[in-house]
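# Tertiary structure, described
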Amino acid sequence: MESRNHILRALSRTDFEALAPQLVTLAVAGGEVMYEPEYEIDWVWFPITAVLSVVTVMSDGRTVESDTVGRESAVGILAALGNAVSTSRTFTQIPGEAVRLPALALRRQAAASARLRTLLMRHALANLAVAHQSVACNALHDVGARICRWLLMSQDRTASNMVRLTQEYLAFMVGVQRTTVTRLLADLAAKGVIAKHRGRIEILDRPGLEARVCECYGTVQANFERLIGEAPLAS
């Protein structure tokens, strides 16, 4: 089976044939909400070219990103398996395509397939490792390295040199003022590492980004290799 989503690509023939009739590919717009806190998880989403953001919503309405998921995995896995509600808000960070599957269909097939259960649990663990690494990165590393990490991971997840996002949103992602992001992106552009366009950032020199990124990028790749056998940058 050909798929750019790593979970769907790793399905056994039996699991794929059982789930295929209910897999639907959809175009998701930027900012489109998949789940809200206390929302019943009725769908699991497998990004293809879209990138999804998971944020924790505070009582005063402020949000903090806790995870980002692209074609390397899926959102809603654990809640679907446990027939539980969402504890976070999940929305489209970068628009594109994603495959939607009823949570009930996944839960039923996982109950019948030990291989599928193992695959899903390993991906859930990998997603949790990404979230943990992001917490450490945001607390310990400078904003320039974090921006480079975010751009590299966005390129990996979309398989495109053109990352569709605004500077305002990138500032939200890394938790700093827009003026800080503007200054750092201008420095990267002046060095020929990126080019700025309206609502998009073009990556011109990937090795240049890799030279400026913190250790967390490599750690995330290593965790995915260890848990699921391939890193997010795999084609």
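See the structure printed just above.
For the structure given in this document, a descriptive report is provided here. Only a predicted model underlies this, so the values are computations on that prediction, with no experimental measurement involved. (Residues numbered from 1 in each chain as written. Predicted model: local features only at pLDDT ≥ 70, side-chain atom pairs only at ≥ 80, totals over all residues. Heavy atoms only, no water.)

Here we come to the pairing of strand E4 (residues 51-57). Judged by how many residues are buried, E4 sits mostly within the fold: five of seven residues are covered. In the sheet, E4 pairs with strand E6 (residues 89-94) via five bridges, with the strands oriented antiparallel. Within E6, the residue paired with Leu-52 across the bridge is Thr-92. Pairing between E4 and strand E5 (residues 63-69): six bridges, direction antiparallel. Within the sheet, the bridge partner assigned to Thr-56 lies in E5 and is Val-64. (Buried < 20%, exposed > 50% of the residue type's maximum accessible area, 1.4 Å probe, protein only. Helix = DSSP H or I, 4+ residues; strand = E, 2+ residues; numbered from the N terminus. Pairing = 2+ DSSP bridges.)

Here we take up the pairing of strand E9 (residues 194-197). Two strands pair when backbone bridges link them, and E9 and strand E10 (residues 200-203) are joined in this way by four bridges, in the antiparallel orientation. When the sheet's bridge partners are listed, Ile-194 is paired in E10 with Ile-203.

So, about the environment of Leu-116. Within the secondary structure, Leu-116 sits in helix H5 (residues 114-140). Take Leu-116: its relative accessible area is 1%, and that puts it in the buried class. For the pair Leu-116 and Met-153, spaced 37 residues apart in sequence, the C-alpha separation works out to 26 Å. Residues within four places of Leu-116 in sequence aside, it is in contact with Leu-11, Asp-15, Leu-19, Leu-106, Gln-109 and Ala-110. (Contact = heavy atoms within 4.5 Å.)

Another point: the pattern of salt bridges. Evaluated as defined, the whole model comprises seven salt bridges. Asp-187 is the partner of Lys-191 in a salt bridge, and the nearest nitrogen-oxygen pair spans 2.7 Å. Take Asp-187: its relative accessible area is 36%, and that puts it in the partly exposed class. The partner of Arg-206 in a salt bridge is Glu-210, with the nearest N and O atoms 3.0 Å apart. In this pair, Arg-206 and Glu-210 are both assigned in helix H9 (residues 206-212), four residues apart and thus about one turn of the helix distant. Judged by relative accessible area, Glu-210 falls into the partly exposed class, the value being 38%. A single salt-bridge network, built from bridges that share partners, covers Asp-156, Arg-206 and Glu-210. (Salt bridge = Lys/Arg side-chain N within 4 Å of Asp/Glu carboxyl O.)

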